[in-house]
Amino acid sequence: KAGVTQTPRYLIKTRGQQVTLSCSPISGHRSVSWYQQTPGQGLQFLFEYFSETQRNKGNFPGRFSGRQFSNSRSEMNVSTLELGDSALYLCASSFSSFLYGYTFGSGTRLTVV
Amino acid sequence: AQRVTQPEKLLSVFKGAPVELKCNYSYSGSPELFWYVQYSRQRLQLLLRHISRESIKGFTADLNKGETSFHLKKPFAQEEDSAMYYCALFTGKNSGGSNYKLTFGKGTLLTVNP
């Protein structure tokens, strides 16, 4: 079956702009989580969605937001981009989080200039 | 707050030698622990789960609640084991989903030399 698909793979944006990243989970997976990966901070949790509801949110400013659609696809939005937002953004989906863990996508590499 | 510590950023061993990647966690609730691996130019993938007590690619990990550890071990390392390994703690199992998240360690880069 198809894995977790993230689009686009690469993005270059200018400070102050906004960006939307997309994630299509594995078919049947209703939980979608987002993580930010940087060399300095490692993998940090952004938020988790289940059946179109945000269940949990990490310690990121309000400029980071997301949503999930009825088909479980998810989008993440970052407004007013800052240089420090440059990172690899990973999406992960799960059927049952604590039993089976998460399946990760390849990520979207965001560069803010 | 939950925390995962992987004390070694880098670990280098020779092929055929035993390898142990250390992971310690801090969490007041019932922990669910995982090891993830990222091979060069590949996506992050699940290696094993403590709940299943499985052995994957020769790797095993035992949860020690007394020492709050979940070390990853393999008796004979292979060159193809070279990768970045992340220990992860899943929290919120009894929260009805309101606190579901994975907390990752900073990772250990394992290099297996020929």
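Anything mentioned here points back to the structure above.
Residues numbered from 1 in each chain as written. Chains lettered and ligands numbered in written order. Predicted model: local features only at pLDDT ≥ 70, side-chain atom pairs only at ≥ 80, totals over all residues. Heavy atoms only, no water.

Residue and element names in this part refer to chain A. Counted by the stated rule, this structure contains 8 salt bridges over all chains. Linking Arg63 and Asp85 is a salt bridge whose minimum nitrogen-to-oxygen distance equals 2.8 Å. In this pair, Arg63 is assigned in the loop between β6 (53-57) and β7 (64-68) and Asp85 in the loop between β8 (74-78) and β9 (87-94), connecting sequence segments 22 residues apart. For Arg67, the salt bridge is made with Glu75, and the minimal N-O distance between the two is 3.3 Å. On the basis of relative accessibility, which here comes to 47%, the residue Arg67 falls in the partly exposed class. What you see here is one network of salt bridges that share partners, running through Arg63, Glu82 and Asp85. (Salt bridge = Lys/Arg side-chain N within 4 Å of Asp/Glu carboxyl O. Helix = DSSP H or I, 4+ residues; strand = E, 2+ residues; numbered from the N terminus. Buried < 20%, exposed > 50% of the residue type's maximum accessible area, 1.4 Å probe, protein only.)

The next thing to look at is the interface of chain A and chain B. Interface size, as often reported, equals the accessible area lost upon joining of the parts. Contacts between the two partners involve 20 residues from chain A and, on the opposite side, 21 residues from chain B. When chain A packs against chain B, the two sides together hide about 1900 Å² of surface, and 56% of this comes from carbon and sulfur. At the junction of chain A and chain B, the tally comes to 6 residue pairs in polar contact (both at pLDDT 80 or more). Secondary structure elements with two or more residues in the side of chain A that touches chain B: β4 (31-38), β5 (42-50), β6 and α1 (97-100) of chain A. In the side of chain A that touches chain B, the residues fall into 9 nonpolar, 9 polar and 2 charged. (Contact = heavy atoms within 4.5 Å. Buried area = accessible area lost by both parts, 1.4 Å probe. Polar contact = N/O pair within 3.5 Å; in protein donor to acceptor, adjacent residues only side chain to side chain. Nonpolar A, V, L, I, M, F, W, Y, C, P; charged D, E, K, R; others polar.)

A few words now on the nonpolar core. Judged by nonpolar contacts, the single largest core of 24 residues is most densely connected at Trp35, Leu72 and Tyr85 of chain B. Considering every element that reaches this core, the biggest residue donor is strand β9 (residues 83-91) of chain B, with 4 residues. Here Tyr85 of chain B is in contact with Gln6, Leu21, Trp35, Tyr36, Val37, Leu47, Phe59, Leu72, Gly107, Thr108 and Leu110 of chain B, once residues within four sequence places are set aside. Counting 21 residues, the second largest nonpolar core, distinct from the first, contains Val4, Ile26, Val32 and Trp34 of chain A. (Core = buried A, V, L, I, M, F, W, Y, C linked by side-chain atoms within 4.5 Å.)

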